[in-house]
Every structure is written in C-alpha cells, then in structure tokens.
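# Observations on chain architecture
Read off the chains here:
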Amino acid sequence: MRDCLFCQISRGEIPSKKIYEDAYTFAFEDIDPKAPTHVLVIPKKHLAGLKEATADDAEIIGRCHLVAAKIAQDRKIEDSYRTVLNVGPGSGQSVFHLHVHLVGGRDLRWPPG
Ligand code: 5GP
Ligand code: ZN
C-alpha cells in the first residue's frame, strides 16, 4: 500500500529505529514508547489488522509474535513482557497496518486499561 505509514516504514521510505528485519517482518521502536521496551513488529505485507486477517495470514501473524519473543529474549525481559494487538478504533488502534506491540521492562498490571 503506497500511502500506508507502516508500509512506508518497512520499505525504509520513512525513517525508524529498526530493531530487526527478515524477509517477512520488520520491527522498530515505537515513536511514543509506553515502557522501556516498546517495539512494534509488523508484517512487510500490508494487512489492515487482526479483524481483516484470514487463514492465509496465520503464518505471518505467528511470525510477528515469534519475532517479538526473540527481541524480548535479546533484551533479557523474557519473563515479563506483553504482546498486544489493538483491534479497531475503540481499542486504540490508530494505524491500520497490523502491528504487534512488544511492551516490557517495567511492572505490567493486569487487566490492562
Ligand atoms: P495502535 O494505537 O494503532 O495500536 O499503535 C500505533 C503505534 O504506532 C502507537 O504506539 C504510535 O506511537 C506508533 N506510531 C505512530 N506513528 C509512528 C511513526 O511514525 N513511527 C513510529 N516509530 N511509531 C509510530
Ligand atoms: Zn501497510
């Protein structure tokens, strides 16, 4: 998608602090971090969100979570982090390119707000 913010970030057309990249996924620091670790993991292929996903997207959604787990391990927060998918405007989703938030490095309360 030409005008999608996260497509442009994954193509390097808009700068970001890249953490990880492979053939399928791209991970970068959130511009407005809510925790010491706040990384966004996205599929390179445009996908609006979980609501729009189909069975064909199962693998890429899994890959995004596994990348988050790897980054958490690299940062030694593997026993205390959260992966979050906001779905729809009512949940706070503001960018309509699926992204897994990896949040950690501080006390995480339950339930989330
Ligand atoms: P959402 O609210 O859709 O679940 O999450 C979108 C996230 O993207 C927010 O946490 C927001 O701070 C982050 N974000 C929005 N625009 C940019 C940007 O241009 N660069 C980066 N690195 N993060 C962004
Ligand atoms: Zn996109």
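Preceding this paragraph is the structure being described.
On to the overall build of the chain, then. Within the chain one finds 2 helices and 5 strands. Of the regular secondary structure in the chain, the N- to C-terminal order runs α-β-β-β-α-β-β. Taking 13 Å as the expected radius of gyration for a compact globule of 113 residues, we find that the chain reaches 13 Å, a close match to that expectation. Projected onto its principal axes, the C-alpha positions of the chain cover 40 × 30 × 25 Å. Looking at the chain as a whole, 36% of its 113 residues qualify as buried.

Along the chain, the position of Glu29 falls in strand β2 (residues 25–29). For Glu29, a relative accessible area of 24% gives the class partly exposed. Residues within four places of Glu29 in sequence aside, it is in contact with Lys17, Ile19, His38, Val39 and Arg75.

Another aspect to go through is the pairing of strand β5 (residues 100–104). The element β5 is largely enclosed, with a buried count of 5 among its 5 residues. Here β5 shows two buried faces, one formed by Val100, Leu102 and Gly104 and the other by His101 and Val103. One ladder, built from 5 bridges, connects strand β3 (residues 37–43) with β5; its direction is antiparallel. Residue pairing in the sheet places Val41 in a bridge with Val100 of β5. Looking at chain direction, strand β4 (residues 81–84) and β5 are connected through 4 bridges and run antiparallel. When the sheet's bridge partners are listed, Tyr81 is paired in β5 with Gly104.

Thresholds applied
- Residues numbered from 1 in each chain as written.
- Chains lettered and ligands numbered in written order.
- Predicted model: local features only at pLDDT ≥ 70, side-chain atom pairs only at ≥ 80, totals over all residues.
- Heavy atoms only, no water.
- Helix = DSSP H or I, 4+ residues; strand = E, 2+ residues; numbered from the N terminus.
- Rg over C-alpha atoms; globule rule 2.2 N^0.38 Å.
- Buried < 20%, exposed > 50% of the residue type's maximum accessible area, 1.4 Å probe, protein only.
- Contact = heavy atoms within 4.5 Å.
- Pairing = 2+ DSSP bridges.

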